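# Close look at the chain arrangement
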Amino acid sequence: MFKSHYKIISLIMCFALVAATFSFSFSAQAKSTSELQNEREQIQDEINAAQSHIDELEKEKAQTQEYLDALMAKINLLRDKLSTLEAQRDSLQAEIDAIQAKIEKTEQELIKAQQEIDKKQAEFDDTYELYCQRLKAMYVSGTASTLEVLLTCPDMSTMLTRSQMINSVSKQDSKILDDLMKKMEEIEKKKQEFEIKRNELSKDKENLEKDKNKLQQSINEIDKSKSELDSQAAECNALMRKLSSQTSEYMEIIDTNEDRLRQVEDEIRATISNAGSYGSGSGQLRYPTDSSMISAGYPNYSSGSYHGGVDFPVSTGSNIYAASSGVVIKVAYLNYSYGYHIIIDHGDGLSTLYAHNSQIFVSTGQSVSAGQVIAAAGSTGNSTGPHCHFEVRVNGNRVNPMNYL
């Protein structure tokens, strides 16, 4: 009996021990799951916070890009305005030059006209003196009636117009009187022409002053617009550098010196033209870098502003390869525009340009093969960061490089 009770008590104790052990094990397992749940929730909170930060950065980036686009649009408008103002300035200057030339010509004509008037007046005075002598002779000979008719005239013009009344003068007197009339008419005509030219001169001088004032206003507005353009370009370039540092999408910064940029382009076109390579521009090209990733394509940036080539973002010192075999026709080292750049003529009117290099390993006139290392990538000239600006040209004109790669 005692043994039987002992077995029952032992069995109950065993069950209790197992139950306790199971209960302990379950509690331990439940706690671990709770901890994992807490950790998961904590991680999710961190993920949400990170995503929120990412969204905020994306929003800020979008605003920056939008602002950059607005700046670029304004800069393009300012450039258009400057072009118009400069065209107006040139037109005004041409008008001023024409008016100035006309004034100088008129002044010379007035001098000549005055000389002719003085000459005619001298001839008139001589003829008039001769006629007075004839009148005196008439007076001495007793032709008082004729003298009275002439001397009672209030002025010379009246006296001459009454000359037809004089019938007692000799044929010589009549000829002298005709000469006087003719010379007087010539003098009056010259004086009228002189007066007309003098009035024209006066009006031309007034117009000249008006145009000079307009020209000065145009020049002042050009200076003001250039100052505004420089300021906007500086801000735009700073933003592009900021965006480039965030995205590694390097761009060509804005150069407000349009004359200098035109000169670079004119030199490039002249170089290609002098190479004498014309044709259809057909051919296949390889990528100029080891990377085929493009940060800016042809013919526009994302902002809409013109971009004449394709940009391959690569680190400084990276290899730049000849896209095809050909002859190097230009090597230039500029601290603006394309910076250190190379142009290779591939024949049949096709040429390629490689810009913003940090080093150049070829020289003008050198033959190169496809894939040959011709330069090291960099960020020289108008550039926000290291990349290869690659252009394809057919007979000097830019075309889409992606049609050849």
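Cut-off values and rules
Residues numbered from 1 in each chain as written. Predicted model: local features only at pLDDT ≥ 70, side-chain atom pairs only at ≥ 80, totals over all residues. Heavy atoms only, no water. Buried < 20%, exposed > 50% of the residue type's maximum accessible area, 1.4 Å probe, protein only. Helix = DSSP H or I, 4+ residues; strand = E, 2+ residues; numbered from the N terminus. Pairing = 2+ DSSP bridges. Contact = heavy atoms within 4.5 Å. Core = buried A, V, L, I, M, F, W, Y, C linked by side-chain atoms within 4.5 Å. Salt bridge = Lys/Arg side-chain N within 4 Å of Asp/Glu carboxyl O.

### Comments concerning the pairing of strand S5 (residues 350–357)
Across the eight residues of S5, eight count as buried, placing the element largely inside the fold. Here strand S4 (residues 340–347) runs beside S5; their pairing, made up of six bridges, is antiparallel. By the bridge assignment, Gly347 is partnered in S5 with Leu350. Connecting the antiparallel pair S4 and S5 is a turn made up of two residues, with Asp348 showing a positive phi of about 60 degrees. Pairing geometry for S5 and strand S9 (residues 387–394), over six bridges, is antiparallel. Directly across from Thr352, in S9, lies its bridge partner Val392.

### Some points on the environment of Val328
Mapped onto the secondary structure, Val328 falls in strand S3 (residues 326–333). Sequence separation of Val328 and Ile344 is 16 residues, and the distance between their C-alpha atoms is 4.3 Å. When near neighbours in sequence (up to four residues on either side) are disregarded, Val328 contacts Ile342, Ile343, Ile344, Val362, Ser363, Thr364, Gly365, Gln366 and Val368.

### Let's talk about the nonpolar core
Formed by 23 residues in total, the largest nonpolar core has its most connected members in Ile342, Ile344, Tyr354, Ile374 and Phe390. Those elements giving two or more residues to this core turn out to be strand S1 (310–313), S4, S5, strand S8 (373–376) and S9. With four residues, the single largest contributor to this core is S9. Residues Leu68, Ile75, Leu85 and Cys236 belong to the second largest nonpolar core, which totals 19 residues.

### Observations concerning the pattern of salt bridges
Considering all chains together, one arrives at 18 salt bridges under this definition. Lys81 serves as the salt-bridge partner of Glu221, at 3.7 Å between the closest nitrogen and oxygen. One end of the pair, Glu221, is in helix H4 (residues 171–247); the other, Lys81, is in helix H1 (residues 2–140), and 140 residues separate them in sequence. Judged by relative accessible area, Glu221 falls into the partly exposed class, the value being 35%. Owing to a relative accessible area of 34%, Lys81 belongs among the partly exposed residues under this scheme. A salt bridge links Arg260 to Asp255, with the nearest nitrogen and oxygen atoms 2.9 Å apart. Looking at Arg260, the relative accessible area reads 28%, which means it is partly exposed. Note on Asp255: relative accessible area 8%, which makes it buried. Residues participating in the shared-partner salt-bridge network are Glu265, Arg269, Glu391, Arg393 and Arg398.

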